[in-house]
Amino acid sequence: MMKTLKLTLVALIALATLPLLTPEAASAQAWIREPGSAYVNLGYRFIRADQFFGPDGETVSLNPYRQHALSVYGEVGIVRRWLMATIDGELVRRNVLVDRGATTGLGDIRIGLFTGLVTKPVNLSFGVLVGLPTGDPLPQSDDPSQAVTANLLPTGDGEVDITPTLALGHGFRWRKVDQFVQATLGYAIRTTPREVAIGEPVDIRDQLVYRAETGIRIDRTFIRRFLFIVRFAGQFTVQGRDEGFSRQGVAGLGDGVEFHAFGLETLVKVHGGFGVGFGMDSVFFARNVPAAAAFKLSLSYEL
Amino acid sequence: MKLWNIGSVALLLVFAGGCEAIFTDLREPLDLVDGGHDADLDAEPDAGTDAGTDAGTDAGTDAEPDAGTPDTGDATTLSGPFMGLSGYNATGTATLSATELVISDDFSVDRGPGLILVISPRERLAPMDPEVDINLGVLPSLTGGATFPLELSELPERAYVHIYCEPFGVAFGRAELLGTE
């Protein structure tokens, strides 16, 4: 019994004193970057869907739909411990309704500021993300017979949103394995889109946005270049749920959009600060989004 | 440094003003000729407000739901209540006669993209079959009654009125119409 207690104590001390892994090659809002330190990730995401999650969460058949997105995520440290800026969004989003029509344009962009609240024993930060309606919520076609199809393939939700976010993170090292865990929780205060495809714009209901992830790196020759990440992420409506979920964004944007997804990602340090990544996210419950896995490739650089 | 400033200002302007998406038509040339639909009917609904832009789904009066469906005999109309599908709500009643389809005043359906009305002998619509389905065009209103003039040579024993999201191929609601004297 005493031996077990001693071992446990030693393990706890070891965990508290050994160098800690931070998800340096991934989005890491719980860790405020040092001034001059920056991270940028350019990603390509592809969705191929023949089914759609209806407002009741059941899947229904859908005319073939494809989505391509070139996204960016960046972090820049501004004030040591206190301030870090982030940006994430879609530089290009292409919605394709096979054999019918496609829209291509800038997606929505979110800019954020994070400040460190606690650094020991865990990292806790608070941030505010502002979503800008840079995408087109109501694309148009010159051909009147294609007006509806164009309208239904938005590249953005058309509204400004503000998301106060808490990010909690911690790093461990155990023998030759480094691990981090991170959880973020945000309350997205949504507003009224400037335009919508169907009817008059109505206020998008507020949502909770969450992400919980863990990553491990094995500290051995060559394989230490790889960071393996597992995550759960999602968003769900918290305002007016009793009103039902009949409103829908056909491209996964707008009111009534919910999802809970499981994701796997591998990030590989290539040379210097450069890295590449690949992964997939698979939705296991959702409303008003295409029912398909999202595959992604990324290039990253850390300064 | 100047270039950097110009780039920053341009980026801010784009962020502030947004950016219009470019639309590309991906229809096959055959679809482009008739707007993507083969319905040969031309009628316009008598009531209701415009619920959206016409996607080339013109309604009309020359086609029959299904030549192979049995005749109703003495029935002069077919009628039945709407029910929601795929998680959407639909209420109200549809009544079909040889000269018109009447949607009751208490009709209501959830908002959806590119909703059209289709008369069909088939319980399940997707995919649409222009040989047997009559496309009445864009649903004129999400609530309230409407009347669609038709010219059917005879009424079938049973028919279905579908509320169908045409661009995405999703069924929103359906009414099974059975004979009434």
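Structure shown above.
These lines cover the structure that appears in this document, whether it is placed above or below.

Scoring rules and cut-offs
- Per chain, residues are indexed from 1 in the order of the written sequence.
- Think of it this way: whatever chain is written first is A, whatever ligand is written first is 1, and the rest follow in order.
- Given that the model is predicted, a residue must reach a pLDDT of at least 70 before its local features are reported, and side-chain atom pairs must reach 80 or more before they are shown or counted; all residues, however, enter totals for whole chains, interfaces and linings.
- Working from all heavy atoms in the structure, the side-chain values ignore hydrogens and water.
- Runs of H or I in DSSP of at least four residues are treated as helices and runs of E of at least two as strands, each being numbered from the N terminus.
- Relative accessibility thresholds used throughout: buried, under 20% of the residue-type maximum; exposed, over 50%; partly exposed, between the two (1.4 Å probe, protein chains only).
- Contact between two residues is taken to exist if any of their heavy atoms lie within 4.5 Å; hydrogens are not considered.
- Where accessible areas are quoted, they stem from the Shrake-Rupley method and a 1.4 Å probe; at the residue level, only the protein chains shown are allowed to cover.
- Definition of a polar contact: a pair of N or O atoms within 3.5 Å, with one able to donate and the other able to accept a hydrogen when the atoms are protein atoms, and with sequence-neighbouring residues admitted only if both atoms are side-chain atoms.
- Side-chain rings of Phe, Tyr and Trp, where Trp is taken by its six-membered ring, are said to pair if the distance between their centres is within 6.5 Å; with planes under 30 degrees apart they count as stacked, over 60 as edge-to-face, and otherwise as tilted.
- Each ring is checked for a lysine NZ or an arginine CZ that lies within 6 Å of its centre and within 35 degrees of its normal; such an atom marks a charge sitting over the ring.
- Any carboxyl oxygen of Asp or Glu that lies within 4 Å of a side-chain nitrogen of Lys or Arg is treated as forming a salt bridge with it.
- Basically, the charged four are Asp, Glu, Lys and Arg, the nonpolar ten are Ala, Val, Leu, Ile, Met, Phe, Trp, Tyr, Cys and Pro, and anything else, Gly included, counts as polar.
- In this description, strands pair whenever DSSP reports at least two bridges between them.
- The set of buried Ala, Val, Leu, Ile, Met, Phe, Trp, Tyr and Cys residues whose side-chain atoms join them within 4.5 Å is what this entry labels a nonpolar core.

## A look at the overall build of chain A
Regarding its fold elements, chain A presents 2 helices and 14 strands. Of all 303 residues assigned to chain A, the portion counted as buried reaches 50%. Intrachain contacts of chain A at a sequence separation of at least 6 include 63% that bridge at least 24 residues. In the form shown here, chain A has an accessible surface area of approximately 13,900 Å², with 67% of it arising from carbon and sulfur atoms.

## A short note on the overall build of chain B
The helix and strand tally for chain B stands at 2 helices and 11 strands. When burial is assessed residue by residue, chain B has 46% of its 181 residues classed as buried. Looking at chain B alone, contacts between residues at least 24 apart form 63% of all its contacts between residues at least 6 apart. Of the roughly 8,800 Å² of accessible surface on chain B, 54% is carried by carbon and sulfur atoms.

## Description of the side chain of A:Thr165
Residues and elements named next belong to chain A. Its location among the elements puts Thr165 in strand E7 (residues 161-174). A distance of 3.1 Å separates a polar side-chain atom of Thr165 from the backbone oxygen of Thr163. In contact with Thr165, other than residues within four places in its own chain, are Phe114, Ser125, Phe126, Gly127, Leu129, Thr184, Leu185 and Gly186.

## Considering the packing of aromatic side chains
All names here are of chain A. Using the criterion set out here, one finds 10 aromatic pairs over all chains in the structure. Their ring planes at 55° and their centres at 6.4 Å tell us that Tyr210 and Phe236 sit as a pair that is tilted. Of the two residues, Tyr210 is situated in strand E9 (residues 207-218) and Phe236 in strand E10 (residues 226-237); the sequence distance between them amounts to 26 residues. Residue classification places Tyr210 among the partly exposed residues on the basis of a relative accessible area of 21%. Aromatic rings pair up to connect Phe222, Phe226 and Phe228 into one cluster. Taking NZ or CZ as reference, Arg81 lies 4.4 Å from the ring centre of Trp82, over its face.

## Considerations on the interface of chain B and chain A
On the side of chain A, 52 residues touch chain B, which itself brings 31 residues to the contact. In this assembly, chain B and chain A are joined by 2 salt bridges. One can count 8 residue pairs in polar contact (both at pLDDT 80 or more) joining chain B with chain A. Secondary structure elements with two or more residues in the side of chain B that touches chain A: helix H1 (2-17), strand E1 (22-25) and strand E11 (170-180) of chain B. Among the elements that make up the side of chain B that touches chain A, the one with the highest residue count is E1(B) (4 residues). Grouping the amino acids of the side of chain B that touches chain A by side-chain chemistry returns 14 nonpolar, 9 polar and 8 charged.

## Details of the pairing of strand E8 (residues 134-138) of chain B
All names here are of chain B. Counting buried residues in E8 gives 5 out of 5 residues, a clear majority hidden from the surface. Judged from the 4 bridges that link them, strand E7 (residues 115-120) and E8 form a sheet pairing that is antiparallel. In the sheet register, Leu117 faces E8, and the bridge partner there is Gly137.

## Focus on the nonpolar core
Nonpolar side chains in soluble globular proteins tend to be buried together. Counting 43 residues, the largest nonpolar core has B:Phe82, B:Leu96, B:Leu101, B:Val161, B:Ile163 and B:Phe168 as the members making the most contacts within it. If sequence neighbours within four positions are ignored, B:Leu101 has contacts with B:Ala94, B:Thr95, B:Leu96, B:Ile119, B:Leu136, B:Ala146, B:Thr147, B:Phe148, B:Leu150, B:Val161 and B:Leu177. Counting 8 residues, the second largest nonpolar core, distinct from the first, contains A:Ala28, A:Ala30, A:Ala167 and A:Phe180.

## Looking at the pairing of strand E11 (residues 258-271) of chain A
All names here are of chain A. As paired strands, E10 and E11 are joined by 10 bridges and run antiparallel to one another. Note on E11: the bridge partner recorded for Gly234 is His260. Where E11 folds back onto strand E12 (residues 274-287) in an antiparallel hairpin, the turn is made up of 2 residues, including Gly272, whose phi is positive at roughly 55°.

## Quick look at the environment of A:Val289
All names here are of chain A. As for its placement among the helices and strands, Val289 is situated in strand E13 (residues 289-290). Relative accessible area serves as the criterion here: at 8%, Val289 is assigned to the buried category. In sequence terms Val289 and Ile204 are 85 residues apart; their C-alpha atoms lie 15 Å from each other. Filtering out sequence-adjacent residues up to four positions away, Val289 remains in contact with Phe52, Phe53, Gly252, Val257 and Glu258.

## Observations regarding the pattern of salt bridges
Residues and elements named next belong to chain A. This structure, assessed with the given rule, holds 27 salt bridges over all chains. Put simply, Arg93 and Glu90 hold a salt bridge, and the shortest N to O gap is 3.1 Å. Residue Arg93 is classed as buried on the basis of its relative accessible area of 5%. On the basis of relative accessible area, Glu90 is assigned to the buried category, the value being 13%. A salt bridge links Arg190 to Asp161; its shortest N-O distance comes to 3.9 Å. You can see Arg190 sitting in the loop between strand E8 (177-188) and E9 and its partner Asp161 sitting in strand E7, a full 29 residues away along the chain. Exposure remark for Asp161: the relative accessible area of 9% places this residue in the buried category.

## Some words on unusual backbone geometry
Residue and element names in this part refer to chain A. In this structure, Pro121 follows Lys120 across a cis peptide bond, with omega equal to 0°. You can see Pro121 is positioned in the loop between strand E5 (109-118) and strand E6 (123-132). Of note, Phe222 is a non-glycine position whose phi angle comes to about 70°, a positive value. Turning to its location among the elements, Phe222 is positioned in the loop between E9 and E10.

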